Amino acid sequence: MNRFIKAGISLATVAAIAASASAMAFATDYMGDVNDDGTVNSSDALLILRHSVGDETVTLNLKKADIDTNGIINSADALATLRMSVGLDELIEIKDDGKEDEKTPVDFDKAEAVEYYNNALKKAYASEKVTIEKNTKIEVVLKSFKPTTLLGTVQNLINKNAVPTESTKTFEANPTEAEKFLVPTALEANGVANYAVEKVESGYKVTLKLVGEVVDYKTMPKYNEQASLPIAGIADLVQQNNVTVKSSKLNYSGTVLTAEIDSDGNILSLNHTMPLEVEAQAKYGFVNVEGAGSGQYTLDATFTY
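Below or above, wherever it landed, is the structure these notes cover. Everything quoted here is computed from the prediction, not taken from an experiment.

### Comments concerning the nonpolar core
At step 1: If you look at the biggest cluster of nonpolar residues, it comprises 41 residues, and the most contacted ones within it are Ile132, Leu182, Leu187, Ile267, Leu270 and Phe303.
At step 2: The element contributing the most residues to this core is helix H5 (residues 110-125), with 8 residues.
At step 3: Leave out the neighbours within four places in its chain, and isoleucine 132 touches Tyr125, Ser167, Thr168, Lys169, Phe171, Phe181, Leu182, Ala301, Thr302 and Phe303.
At step 4: Within the second largest apolar cluster, 9 residues are counted, among which are Val34, Ile48, Val58 and Ile73.

### Regarding unusual backbone geometry
At step 1: Residues lysine 146 and proline 147 are joined by a peptide bond in cis, for which omega reads 0°.
At step 2: Along the chain, the position of proline 147 falls in the loop between strand E1 (130-146) and helix H6 (151-161).
At step 3: In this structure, alanine 173 is a non-glycine residue whose phi angle is positive, near 50°.
At step 4: Note that alanine 173 resides in the loop between strand E2 (165-171) and helix H7 (175-181).

### Thoughts on H5
At step 1: If you check H5, its first and last C-alpha atoms are 23 Å apart, about what 16 residues at 1.5 Å a residue would give, namely 22 Å.
At step 2: Within the span of H5, buried status applies to Ala113, Val114, Tyr116, Tyr117, Asn118, Ala120, Leu121, Ala124 and Tyr125.
At step 3: Capping the start of H5, aspartate 109 holds a side-chain oxygen 3.3 Å from the backbone nitrogen of alanine 111, two or three residues further along.

### Regarding the pairing of strand E8 (residues 267-284)
At step 1: Pairing of strand E6 (residues 243-252) with E8 involves 9 bridges; the strand directions are antiparallel. Across the sheet, residue tyrosine 252 finds its bridge partner in E8, namely leucine 276.
At step 2: Judged from the 6 bridges that link them, strand E7 (residues 256-261) and E8 form a sheet pairing that is antiparallel. Each residue of the ladder has a partner; that of threonine 258, found in E8, is asparagine 271.
At step 3: Bridge count between E8 and strand E9 (residues 287-304): 16 bridges; the pairing is antiparallel. For proline 275, the partnering residue across the bridge sits in E9 and is glutamine 296.
At step 4: A loop of 2 residues connects E8 with E9, the two strands running antiparallel in sequence, and glycine 285 in this loop sits at a positive phi of about 65°.

### Brief notes about the pattern of salt bridges
At step 1: Scanning the model with the defined rule gives 6 salt bridges in all.
At step 2: Salt-bridge contacts for arginine 50 lead to aspartate 55; the nearest nitrogen and oxygen are separated by 2.9 Å.
At step 3: With a relative accessible area of 24%, aspartate 55 lands in the partly exposed category.

Parameters and conventions
Residues numbered from 1 in each chain as written. Predicted model: local features only at pLDDT ≥ 70, side-chain atom pairs only at ≥ 80, totals over all residues. Heavy atoms only, no water. Core = buried A, V, L, I, M, F, W, Y, C linked by side-chain atoms within 4.5 Å. Buried < 20%, exposed > 50% of the residue type's maximum accessible area, 1.4 Å probe, protein only. Helix = DSSP H or I, 4+ residues; strand = E, 2+ residues; numbered from the N terminus. Contact = heavy atoms within 4.5 Å. Expected span 1.5 Å × (residues − 1). Polar contact = N/O pair within 3.5 Å; in protein donor to acceptor, adjacent residues only side chain to side chain. Pairing = 2+ DSSP bridges. Salt bridge = Lys/Arg side-chain N within 4 Å of Asp/Glu carboxyl O.

Functional significance is not addressed by these values, which are geometric in nature.
Have a look at this one:
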């Protein structure tokens, strides 16, 4: 009798496991399967959690990540996914009603996200009336410099030029001047390494991280020039001051552009954070000079219509 009871229990256990496995194996149309691998498990919960804390390396299906459909992806969604993965809560089926869901910025691919960002800026610049408040900050750290006898002079030049700025201007349907005042609007999708579009209270938050670009002092970084404000005019300064550059390297390691855009496509705020590392060897008169440093350019802007 015990043998039959044990056999019955074993069969029931196998059936339960099979039923559970069956339910999970075809989970491509269920909330929580953010990596679209057909299962809802702890890996999906971890991806949601990493995304919620700002991990830009994460790729996931954002539609399936917002478990509670409140427009915000956070740790509560990760916990809900984990509970479903262990059977504490039922899976939430994504039902197909035969109608194609209306696409929102959260659903954009990279090219669409870049176009959305560019267009929001263009719309602001062309507005009947827009006031742009701009603040900039430059941070510079001199890592090495020779000869040391000129170190004080160089540091004074850095301190003189690396100062914060604040300016506010109002533009009335004058896109050319507005763009000159702030940043360009010509970024190409190929210049973006990572991107994210998230629903926020004010509308949508767009984050674009540009690809790294390494150039010499004569060359402008293509994608940074399309979208932001990389260092310009070095070649002219070199010529004006009778400097002979032996070698130079400017490493734009990954400028991050962040914009908040309302539901009508109006940009509300903008941040550009541009890290930069520089190395150079040159001759100034009869003196050989070499140095290396790092820094960061930060731009913050707000728009009032």
